[in-house]
Amino acid sequence: MSYTLANYKWGVGEKGHSGGTVTWSFATLSLGTAFARDISNPLYQALIRDAFQAWEDVANIDFVEVTDSAQSDLRLGWDHIDGAYGVIGTAQSYYSRTTSALYSVTEAEIRFDLAENWSTSKTASGSALSFYTTALHEIGHTMGLLHTDDPDTIMYPTLTSQPDLTLHDIEGAQLMYGARMWGTAQDDLLVASKAASVIDGQAGLDTVRFEGTLSHYSVTDDNTLNIEVYASQTGRTQELKNVDLQLPISLLWLCLCDTNAFGKISEAG
């Protein structure tokens, strides 16, 4: 198992339940323990927005950007941490205990070290560190994902060349919050979970991503853009990896069968 879960999460304090709506902001106000500087560079701002979207695409949680205030659930900014080449980012979550099994996060802060040489692209460049990957990692901490011992995951404690969320990162997030099942009026990415589930794409040309070790998926469209996904184990051990299927309105029935390691999409019947 290449993910480790904390005893806290956003939303209802039960594994598999939605994280609800989490508001976040760039820390421009002096509130509580002040940040050294706000993140005003639009390139870094865009990377943070992309990082929130990456988690939102795969887990049942909604991150909504708001103007900075004391009511913002999650605030992000620059700070002086420990100088270059040390701790490059920190995440601090505050939570309360309810009658649920886990603590519920009430607010959180993410700080990035001003002393580091940061890349303004999604990947590291030369000696510049990946700001995007670090943002993914720290947001993951606020969601209740702890460090792993797998260097191929985003939640590994040391920054690596891994550019984006891996299957194990996604599995941990979905165990905490459930899979992202509800689309919008836009073109959405929806991730099929290992269990039988219903995905409602709402509108737009949505993409369903099939991930995990199940070797057979049946997909049906009830002609109202509600896509039912049934997963069944066939006994074969081949793994489906990042197989995307775009579902137009006219789709009636498709079968995804693992004729090779990455699966094959073909019409059936």
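The structure we're discussing is the one just above.
Reading the values: the criteria
Residues numbered from 1 in each chain as written. Predicted model: local features only at pLDDT ≥ 70, side-chain atom pairs only at ≥ 80, totals over all residues. Heavy atoms only, no water. Helix = DSSP H or I, 4+ residues; strand = E, 2+ residues; numbered from the N terminus. Buried < 20%, exposed > 50% of the residue type's maximum accessible area, 1.4 Å probe, protein only. Contact = heavy atoms within 4.5 Å. Core = buried A, V, L, I, M, F, W, Y, C linked by side-chain atoms within 4.5 Å. Lys, Arg positive; Asp, Glu negative; His and termini not counted. Salt bridge = Lys/Arg side-chain N within 4 Å of Asp/Glu carboxyl O. Phe/Tyr/Trp six-rings, centres within 6.5 Å; stacked < 30°, edge-to-face > 60°. Axes fitted to C-alpha atoms, helices over the stretch in contact; angles between N-to-C directions. Parallel < 35°, antiparallel > 145°, perpendicular 65-115°, else oblique. Left-handed = near helix turned anticlockwise from the far one by under 90°. Nonpolar A, V, L, I, M, F, W, Y, C, P; charged D, E, K, R; others polar. Pairing = 2+ DSSP bridges. Expected span 1.5 Å × (residues − 1).

## Regarding the overall build of the protein
Here is step 1: When helices and strands are counted, the protein shows three helices and 18 strands.
Here is step 2: Looking at the protein as a whole, 48% of its 269 residues are labelled buried.
Here is step 3: For the protein, long-range pairs separated by at least 24 residues make up 61% of all intrachain contacts whose partners lie at least 6 apart in sequence.

## Section: the nonpolar core
Here is step 1: Core analysis: the largest hydrophobic core is formed by 42 residues, its most contacted members being Ile48, Trp55, Phe112 and Met143.
Here is step 2: Broken down by secondary-structure element, the contributors of at least two residues to this core are β3 (21–26), α1 (42–58), β5 (74–79), β7 (103–113), α2 (131–142) and α3 (167–177).
Here is step 3: Sorting elements by how many residues they give to this core places α1 first, with eight residues.
Here is step 4: Residues within four places of Met143 in sequence aside, it is in contact with Tyr8, Lys9, Trp10, Trp55, Ala59, Ile61, Phe63, Ala173, Met176 and Tyr177.

## Regarding the side chain of Asp113
Here is step 1: Positionally, Asp113 belongs in strand β7.
Here is step 2: Arg37 is the oppositely charged side chain nearest to the buried, salt-bridge-free Asp113, at an N-O distance of 10 Å.
Here is step 3: In contact with Asp113, not counting residues within four places along its chain, are Trp78, Asp79, His80, Ile81, Asp82, Gly83, Val87, Ile88 and Trp118.

## Points about α3
Here is step 1: Within α3, eight of the eleven residues are buried, which leaves it mostly tucked inside the rest of the structure.
Here is step 2: Buried within α3 are the following residues: Asp169, Ile170, Glu171, Gly172, Ala173, Gln174, Met176 and Tyr177.
Here is step 3: Looking one or two residues past α3, Gly178 carries a phi angle of roughly 80 degrees, positive in sign.

## Notes on the packing of aromatic side chains
Here is step 1: Counted by the stated rule, this structure contains 13 aromatic pairs.
Here is step 2: Seen in terms of ring centroids, Phe52 and Phe63 are 4.9 Å apart; in terms of plane orientation they differ by 50 degrees. Their pairing is tilted. Residue Phe52 is found in helix α1, and its partner Phe63 is found in strand β4 (residues 62–65); the two are separated by eleven residues along the sequence. The pair Phe52 / Phe63 is uniform in exposure class, with both members buried.

## Observations concerning the packing of α1 against α2
Here is step 1: Contact pair α1 / α2: the axes reach a minimum separation of 9 Å and the direction vectors enclose 45 degrees. Regarding the angle of α1 to α2, the classification is oblique. The chirality of how α1 crosses α2 is right-handed. The residues of α2 that touch α1, namely those facing Tyr44, Leu47, Ile48, Asp50, Ala51, Phe52, Ala54 and Trp55, are Phe131, Tyr132, Ala135, Leu136, Ile139 and Gly140.
Here is step 2: Partitioning the contact of α1 with α2 into residue classes produces twelve nonpolar, one polar and one charged.

## Thoughts on the pairing of β5
Here is step 1: Among the six residues of β5, six are classified as buried, and the element is accordingly described as predominantly covered.
Here is step 2: Side chains of β5 alternate between two faces, with Leu74, Leu76 and Trp78 and Arg75, Gly77 and Asp79 buried alike.
Here is step 3: With three bridges connecting them, β3 and β5 associate as parallel partners. By the bridge assignment, Trp24 is partnered in β5 with Leu74.
Here is step 4: As paired elements, β5 and β7 share six bridges and run parallel to each other. Bridged to Leu76 within β7 is Ile110.

## Re α2
Here is step 1: Taking 1.5 Å of rise per residue, the twelve residues of α2 would be expected to cover 16 Å, and the 17 Å separating its terminal C-alpha atoms lies within 8% of that figure.
Here is step 2: A large share of α2 lies buried, amounting to twelve of its twelve residues.
Here is step 3: All of the buried residues in α2 are Phe131, Tyr132, Thr133, Thr134, Ala135, Leu136, His137, Glu138, Ile139, Gly140, His141 and Thr142.
Here is step 4: Where α2 terminates, the next one or two residues include Gly144, which has phi positive at roughly 100 degrees.

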